[in-house]
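Here are the chains, one letter per residue:
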Amino acid sequence: MSHDQQTEFLKRVPLFHGIEANLVSSLAGIMTIRQFKADSFLCHKGEPGNATFILGKGQVEVLTQSKNGEKLCTLGPGHVIGEVALLDGQPRSASLQAKDDVTAFVLMREDFSRLLSAQNKGCMRLLDNIVQAIAMRVRVVNDQYIDMFSQPGETIQKLKEQMRSIQSVAAGGNQPSGDTEDLLKKFGYVSKGVPSSR
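Below is a summary of the structure that appears in this document. (Residues numbered from 1 in each chain as written. Predicted model: local features only at pLDDT ≥ 70, side-chain atom pairs only at ≥ 80, totals over all residues. Heavy atoms only, no water.)

## Some words on the overall build of the protein
Point 1. Along its length, the protein carries 7 helices and 8 strands.
Point 2. The proportion of buried residues among the 198 residues of the protein is 39%.
Point 3. For the protein, long-range pairs separated by at least 24 residues make up 69% of all intrachain contacts whose partners lie at least 6 apart in sequence.
Point 4. Total accessible area on the protein is roughly 11000 Å²; 51% of this is exposed by carbon and sulfur atoms. (Helix = DSSP H or I, 4+ residues; strand = E, 2+ residues; numbered from the N terminus. Buried < 20%, exposed > 50% of the residue type's maximum accessible area, 1.4 Å probe, protein only. Contact = heavy atoms within 4.5 Å. Areas by Shrake-Rupley, 256 points an atom, 1.4 Å probe, with all protein chains shown as cover.)

## Some points on the sheet that holds strand β3 (residues 51–57)
Point 1. Pairing is antiparallel in the open sheet, where 4 strands are placed in the order β1-β8-β3-β6. Every other strand in the sheet has two partners, leaving β1 (32–36) and β6 (80–81) as the edge strands with one partner each.
Point 2. Pairing of β1 with strand β8 (residues 102–108), which is carried by 5 bridges, proceeds in the antiparallel orientation. Counted as the bridge partner of Arg34 is Ala104 from β8.
Point 3. Helix-sheet contacts for helix α1 (residues 3–11) involve β1, β3 and β8, and the interaxial angle to β3 is about 95°. (Pairing = 2+ DSSP bridges. Axes fitted to C-alpha atoms, helices over the stretch in contact; angles between N-to-C directions.)

## Description of α1
The periodicity of an α-helix, 3.6 residues per turn, causes residues three or four positions apart to be oriented the same way.
Point 1. Inspection of α1 places Gln6, Thr7 and Leu10 among the buried residues, and these make up the whole buried set. Each buried residue of α1 sits inside an arc of 100° when the element is viewed along its axis, so together they form one side.
Point 2. On its buried side, α1 packs onto α2 (21–28), β1, β3 and β8. (Arc of directions from axis to C-beta.)

## Examining the sheet that holds strand β7 (residues 95–98)
Point 1. Pairing within the open sheet is antiparallel, and its 4 strands lie in the order β2-β7-β4-β5. Since the sheet does not close on itself, it has two edges, and those belong to β2 (41–43) and β5 (71–75), each with one partner. Here the strands of the sheet are splayed against their neighbours by 25° on average, with no regard to which way each runs.
Point 2. Two elements, β2 and β7, share 2 bridges in a ladder whose sense is antiparallel. By the bridge assignment for β7, Cys43 is matched with Leu96.

## Here we look at the pattern of salt bridges
Point 1. Within this structure, the stated rule accounts for 5 salt bridges.
Point 2. As a salt-bridge pair, Glu20 and Arg125 come within 2.9 Å of each other at their nearest N and O atoms. Residue Glu20 is located in the loop between α1 and α2, and its partner Arg125 is located in helix α5 (residues 121–149); the two are separated by 105 residues in the primary sequence.
Point 3. Ionic pairing is found between Asp111 and Arg114, a salt bridge with its closest N-O pair at 3.4 Å. Taken together, the residues Asp111 and Arg114, both in helix α4 (residues 109–117) and 3 residues apart, mark about one turn of the helix.
Point 4. We classify Arg114 as partly exposed; its relative accessible area is 47%. (Salt bridge = Lys/Arg side-chain N within 4 Å of Asp/Glu carboxyl O.)

## With respect to α2
Point 1. For α2, the complete set of buried residues consists of Leu23, Val24, Leu27 and Ala28. Looking down the long axis of α2, one finds its buried residues gathered within 145° of arc, a one-sided arrangement.

## Observations regarding the environment of His17
Point 1. On the secondary structure map, His17 appears in the loop between α1 and α2.
Point 2. A relative accessible area of 45% places His17 in the partly exposed class.
Point 3. Considered as a pair, His17 and Leu126 are 109 residues apart in the sequence and their alpha carbons are 9.0 Å apart.
Point 4. Discounting residues that sit within four places of it in the chain, His17 has contacts with Lys11, Arg12 and Asn129.

Shown next as C-alpha cells:
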C-alpha cells in the first residue's frame, strides 16, 4: 500500500475527521502496517499500552482475558483500538484477538509523544479528536448507567442487556456482546436475591 493510499484510508477513519490531508499524511508517515493471522493476538490484557491499532482489514474481538476471556465486542475496518494508550501508556485493559486475517496501522506512543512535544499540528488535532471520542463514550456510558439504576423494577435480563451495551461502548464497539455475569457481580448483583421493586 502506497503512502497516498494509506493517507486516503486514514482520512475516512472517524478519528481523523476534520484533520487536513497534509496533516493526516504526516501521521501516516510515522505508522507501521502489521499483518496478524486469524486467531493470533494483537495484544494481551496487562501488557504495556504502547501503541494504538487502526484496523484496515479483517475483524478483531475484544476479550476480557487472552485465555478463556469473554468477548466484549467485535470491531472491523476503520475502528481505532487502544487510543487511550497514546495518552497514558497504562497496561492494556483488554486482549485483542484477530477473528480472521487482519491488517492494522500501528501508531506507537513513543512516536506520537515525540511529534506532540514538537507541537506537530497533526498530532495536536488527533489528540483533540481522541479526547472528544473518549468524552462521548463517557457520556453514553454515564447515561446508560443512570438509566439502568434509576429503574429498580427492571428485570435481570434487561439489566444484563444494558450492561452488555455499556461494556461494548467502553471497549469502543457499538454491538452488544459478551457475558455480563462477572460485571454484574462487581455491582453486587447475584443470581439469587436480586434487588426488585416487586
